[in-house]
Amino acid sequence: MSNNNTDQVCFRTMIGGQALMEGILMRGPDKQAVVCRTENGIVEKVEPLNLVKDRHPALGWPLIRGVVTLADSLVKGMKALTYSASLLPEDQQEEPTKFDLWLEKRLGSEKAEKIVIGCAAFLGVLLALALFIFLPTLIAGLIPGLEGRYTLRSLIEGAVKIVIFLVYLGLVAHMKEIKRLFAYHGAEHKTIFCYEKGLPLTVENVRPQSRFHPRCGTSFLLVVIILGIMAGLLIQVDNMLLRAGLRLLLLPVIIALAYELNRWAGRHDTNIVSRIVTWPGKQLQRLTTNEPDDGMIECAIRAMELVIPEEKGRDAW
């Protein structure tokens, strides 16, 4: 029986995943797989990745690939999440809005789905910008006596960001549907650890693995917030709109640096510096991952099996 000591991994894989509604998305070097549990059994869907950087190699360069990868993952992840939701029993699915029905009638179901997914991703980005850039800037700007005290103001803005992030995660973590989603997230992490340790992918081997993985998207988001706080110290203006605008301009740079830092930390997760960098993210995963049941683990194992490349080592991190 294996233990959950991450020091014992013999291989670090680039395969990563995402929790879905009653399922798992796993993404390998060449393809991605969606595996969901439905009333009629397991449903599998495998697609080639068709990455943008494969058509435009420059987009895969360091300090460029981070933003491109995030955007690509956001769109593909939203599409997979929508697909998994469509597999839920009818009484658990949301009724289509009048706008959805109008789009489907005018454009057809496939084009309408792409537009809806694009709009959802766009609105999600807008909400994130509102919560983590404009709202903290507004709150700090309403505090009297901060004019000209740029360092203190930036630190207050950063503290507000962290509070918003933690409160948001804490609230959603108690929702029934999200609890199951986070359990599938735990299954994803455990399965990746099992694979990285070179163990056979069985429920018995996956179950005891740690659900706290250093290359988690949750950790990436936290690194983005922390780097954003540090970058905010460079902003030496009082005007709220100008401060928010400068933060928006810095955001692609912050995302690029966070991606490279997360990538480095994932490759050197036994290094003391890497452990310090990844420790806060792992603690945050106590909110965003739950212990999965065996059925969830089975979904994660199958999704992993579908994306492991035939050429051994091709998925090395």
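Below is a summary of the structure that appears in this document. (Residues numbered from 1 in each chain as written. Predicted model: local features only at pLDDT ≥ 70, side-chain atom pairs only at ≥ 80, totals over all residues. Heavy atoms only, no water.)

Another aspect to go through is the overall build of the protein chain. Of the regular secondary structure elements, the protein chain holds 11 helices and 4 strands. Taking 317 residues into account, the globule formula puts the C-alpha radius of gyration at 20 Å, and the protein chain, at 21 Å, falls close to it. Summarising its shape, the C-alpha atoms of the protein chain cover approximately 60 × 55 × 40 Å along the three principal directions. Burial status across the protein chain gives 42% buried among its 317 residues. Here the contacts in the protein chain between residues at least 6 apart in sequence split such that 70% fall between residues at least 24 apart. Here the protein chain displays about 17100 Å² of accessible surface, and carbon together with sulfur accounts for 63% of that area. (Helix = DSSP H or I, 4+ residues; strand = E, 2+ residues; numbered from the N terminus. Rg over C-alpha atoms; globule rule 2.2 N^0.38 Å. Buried < 20%, exposed > 50% of the residue type's maximum accessible area, 1.4 Å probe, protein only. Contact = heavy atoms within 4.5 Å. Areas by Shrake-Rupley, 256 points an atom, 1.4 Å probe, with all protein chains shown as cover.)

Let's shift gears to the pairing of strand β3 (residues 31-38). With 6 of 8 residues buried, β3 lies mostly within the body of the structure. Of the strand pairs in this sheet, strand β2 (residues 23-27) and β3 are connected by 5 bridges, and their pairing is antiparallel. What sits directly across from Arg27, in β3, is Gln32. Two successive antiparallel strands, β2 and β3, enclose a turn made up of 3 residues. One ladder, built from 8 bridges, connects β3 with strand β4 (residues 41-48); its direction is antiparallel. Along β4, the bridge assignment pairs Val35 with Glu44. (Pairing = 2+ DSSP bridges.)

Here Asn50, not a glycine, exhibits a phi torsion of approximately 50°, which is positive. Here Asn50 is to be found in the loop between β4 and α1 (52-55). Its relative accessible area of 54% is what places Asn50 among the exposed residues. With a phi angle near 70°, Leu63 is a residue other than glycine that sits in the positive phi range. Of note, Leu63 is situated in the loop between α1 and α2 (65-86).

Between its first and last C-alpha, α2 extends 31 Å over 22 residues, near the 32 Å set by a 1.5 Å rise per residue. For α2, the set of buried residues is Arg65, Gly66, Asp72, Lys76, Gly77, Ala80 and Ser84. Taken down its axis, α2 places every buried residue within 130° of arc, on the same side. Where α2 is buried, its residues meet β1 (16-20), β2, β3, α1 and α9 (240-267). (Expected span 1.5 Å × (residues − 1). Arc of directions from axis to C-beta.)

What follows deals with the environment of Leu171. Its location among the elements puts Leu171 in helix α5 (residues 150-172). Separated by 116 residues in sequence, Leu171 and Leu287 place their C-alpha atoms 9.8 Å apart.

Read across the open sheet, the 4 strands follow the order β1-β2-β3-β4; overall the sheet is antiparallel. Of all strands in the sheet, those with a lone pairing partner are β1 and β4, marking the two edges. Along the sheet, successive strands turn relative to each other by an average axial angle of 15°, direction set aside. Against the sheet, α2 engages β1, β2, β3 and β4, with an angle of about 40° to β1. On top of the sheet, helix α6 (residues 176-196) reaches β1, β2 and β3; it is set at about 160° to β1, its chief contact. (Axes fitted to C-alpha atoms, helices over the stretch in contact; angles between N-to-C directions.)

Once that is clear, we can look at the packing of aromatic side chains. All told, the structure shown has 2 aromatic pairs when counted by the stated rule. Measuring from centroid to centroid gives 5.9 Å for Phe11 and Tyr195, while their planes differ by 90°, and the two rings are edge-to-face. Of the two residues, Phe11 is situated in the segment before β1 and Tyr195 in helix α6; the sequence distance between them amounts to 184 residues. Given a relative accessible area of 16%, Tyr195 falls into the buried group. When the ring centre of Tyr83 is taken as reference, the NZ or CZ atom of Lys45 above it lies at 4.2 Å. When the ring centre of Trp317 is taken as origin, the NZ or CZ atom of Arg215, which lies over that ring, is 5.2 Å away. (Phe/Tyr/Trp six-rings, centres within 6.5 Å; stacked < 30°, edge-to-face > 60°. Lys NZ or Arg CZ within 6 Å of the ring centre and 35° of its normal.)

By the definition in use, this model includes 16 salt bridges. One salt bridge connects Glu44 with Arg302, and the closest N-O pair in it is separated by 2.7 Å. Taken as a pair, Glu44 in strand β4 and Arg302 in helix α11 (residues 294-307) lie far apart in primary sequence, 258 residues in all. By relative accessible area, which is 39% here, Glu44 ends up partly exposed. (Salt bridge = Lys/Arg side-chain N within 4 Å of Asp/Glu carboxyl O.)

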